[in-house]
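Survey of secondary and tertiary structure
Here is how the chains run, residue by residue.
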Amino acid sequence: LFFFDEIMYRVNSSIVPAACRLSQTRGYASFFEEKPLAVAWFTPVGVLGSGIMGGGIASTAAINGLNVTMVDIKQELLDKAMKDAEEMGKKVFDFQVKRGKMKPAFAKKTLEDGLKRIKCTTDMNALNECDVVIESIVENLDIKKKALGDLGKVMRPGTIVGSNTSSLSITELGQYYSDPSAFCGIHFFNPVLVMQLVEVIRTKDTSDRTYNAAKRFSELLGKKVVTCGDTPGFIVNRLLVPYLTQACLMLDRGDATFSDIDKAMKLGAGMPQGPFQLADFVGLDTAQAILEGWVEKMPEEKIFCVPEALKAKVAEGKLGRKTGEGFWKWDGDKIVEV
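Residues numbered from 1 in each chain as written. Predicted model: local features only at pLDDT ≥ 70, side-chain atom pairs only at ≥ 80, totals over all residues. Heavy atoms only, no water.

**Observations concerning helix 9 (residues 236–253)**
The terminal C-alpha atoms of helix 9, which comprises 18 residues, lie 26 Å apart, in line with the 26 Å expected from a rise of 1.5 Å per residue. N237, L240, V241, P242, L244, T245, A247, C248 and L249 are the residues of helix 9 that are buried. Packed against the buried residues of helix 9 are strand 6 (183–187), helix 10 (258–269), helix 11 (275–282), helix 12 (284–297) and helix 13 (308–315). Directly beyond the C-terminal end of helix 9, a positive phi value near 80 degrees is found at G254. (Helix = DSSP H or I, 4+ residues; strand = E, 2+ residues; numbered from the N terminus. Expected span 1.5 Å × (residues − 1). Buried < 20%, exposed > 50% of the residue type's maximum accessible area, 1.4 Å probe, protein only. Contact = heavy atoms within 4.5 Å.)

**Quick word on the packing of helix 3 (residues 52–63) against helix 5 (residues 104–116)**
Look at helix 3 against helix 5: their axes get within 8 Å of each other, and the N-to-C directions meet at 115 degrees. Here the hand of the crossing between helix 3 and helix 5 comes out right-handed. Counting all contacts with helix 3, which are made through S59, A62 and I63, the residues of helix 5 involved are T110, L111, G114 and L115. Grouping the amino acids of the contact of helix 3 with helix 5 by side-chain chemistry returns 4 nonpolar, 3 polar and no charged. (Axes fitted to C-alpha atoms, helices over the stretch in contact; angles between N-to-C directions. Left-handed = near helix turned anticlockwise from the far one by under 90°. Nonpolar A, V, L, I, M, F, W, Y, C, P; charged D, E, K, R; others polar.)

**Observations regarding the sheet that holds strand 8 (residues 224–228)**
With respect to topology, 8 strands assemble into an open sheet ordered 3-2-1-4-5-6-7-8, the strand pairing being mixed. Strands with a single pairing partner mark the edges of an open sheet, and in this sheet they are strand 3 (118–121) and strand 8. Adjacent strand axes in the sheet meet at a mean angle of 25 degrees when their direction is disregarded. (Pairing = 2+ DSSP bridges.)

**Points about the side chain of Q288**
Assignment of secondary structure puts Q288 in helix 12. For Q288, a relative accessible area of 12% translates into the label buried. Once residues within four sequence positions are removed from consideration, Q288 is found in contact with V306, L310, K311 and V314.

**Let's talk about the pairing of strand 4 (residues 132–135)**
Here strand 4 shows no split at all, with V132 and I134 on one side and V133 and E135 on the other all buried. Pairing of strand 4 with strand 5 (residues 160–163) involves 4 bridges; the strand directions are parallel. Directly across from E135, in strand 5, lies its bridge partner S163. Of the crossover connections in this fold, the one passing from strand 4 over helix 6 (residues 141–154) to the parallel strand 5 is right-handed. (Right-handed = clockwise from strand over helix to strand, strands pointing away.)

**Here's the deal with the pairing of strand 6**
Across the 5 residues that make up strand 6, a large majority, 5, are buried. Residue alternation in strand 6 divides its side chains into two sets, F183, G185 and H187 and C184 and I186, and both sets are buried. Where strand 6 meets strand 7 (residues 197–201), 3 bridges bridge the pair, whose relative direction is antiparallel. In the strand pairing of strand 7, H187 is matched with E199.

**A word on the pattern of salt bridges**
Scanning all chains against the criterion turns up 21 salt bridges. For K322, the salt bridge goes to D285, with nearest N and O atoms at 2.9 Å. Of this pair, K322 sits in the loop between helix 13 and strand 9 (329–331) while D285 sits in helix 12; the two residues are 37 residues apart in sequence, bridging distant segments of the chain. Accessibility expressed as a relative area gives 27% for D285, which makes it partly exposed. (Salt bridge = Lys/Arg side-chain N within 4 Å of Asp/Glu carboxyl O.)

**Notes on the packing of aromatic side chains**
The full count for this structure, using the stated rule, is 6 aromatic pairs. Pairing F258 with W328 gives two aromatic rings, centres 4.9 Å apart and planes at 85 degrees, and the pair type is edge-to-face. One end of the pair, F258, is in helix 10; the other, W328, is in the loop between helix 13 and strand 9, and 70 residues separate them in sequence. W328 gets classed as buried once you look at its relative accessible area, which sits at 9%. Positioned above the aromatic ring of F281 is the side chain of R321, whose terminal nitrogen or guanidinium carbon lies 4.5 Å from the ring centre. (Phe/Tyr/Trp six-rings, centres within 6.5 Å; stacked < 30°, edge-to-face > 60°. Lys NZ or Arg CZ within 6 Å of the ring centre and 35° of its normal.)

Shown next, in the form of structure tokens:
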């Protein structure tokens, strides 16, 4: 979720090709309370959805040595995902080269070989060969319900399915998959190749096998795992979204300008970016959708509300970085200072 240029210094220098990564992960048996799952069990990995998150998950898995089958409804969406993955990969590996962590030829080959491991298709049936599938389609409950129902008809028994939802109930989503015990939340952060955290969410239906496999899979991608129950927003967004909301409410009341609020949180609280810059990066429409869903499901939680400043920006089509303007104006990944 953090602004790319401000977090590149945090990039894990252990982004390495498959042979190096997998050589560090052979002691897997102790992770499982039930029958252990070998490293090879996780490949190929299925990814349903090729947006920013789906494409990021697919490319991260592939660069870490796993074969990937990525599915979406249109070929042009898959083509864009591959282009975006290549661009992000070049940024990450170029930075590693500049730091002296990788040689240019090695970085180039690692990225190229990784992306070759991704198979793109519009046929959901292709996911039948996968033992782990990450659902990362649009954050819309009705669309996810249908997709998970269709996925349940395709997958073999025992397949682990994790949803990358950032705000919807994992328990509710799991009821629409054919086997709720094989379903959990596996929540990555954007940009996936860079951000080290994964939240694994287990429900009362999630089996130990599913939960442990989800953690193990995330670790194979070089991620640090935290576990959370099925609370709205899990850990990060449950704390982060109300923070963004309070910043917008200050703007609604005229307490301060958005630029001064951002400056105050960066210089006074040590944040890498202010709440409005962060909201722009996340997407103002995404933030609004999350809040509206929480307000509907938990009207008694007064901390959940949709500020007028946020509604106004979304109504104007100013959705943040992706549209070139939100609270701030953007030139690609850079803020245009005002």
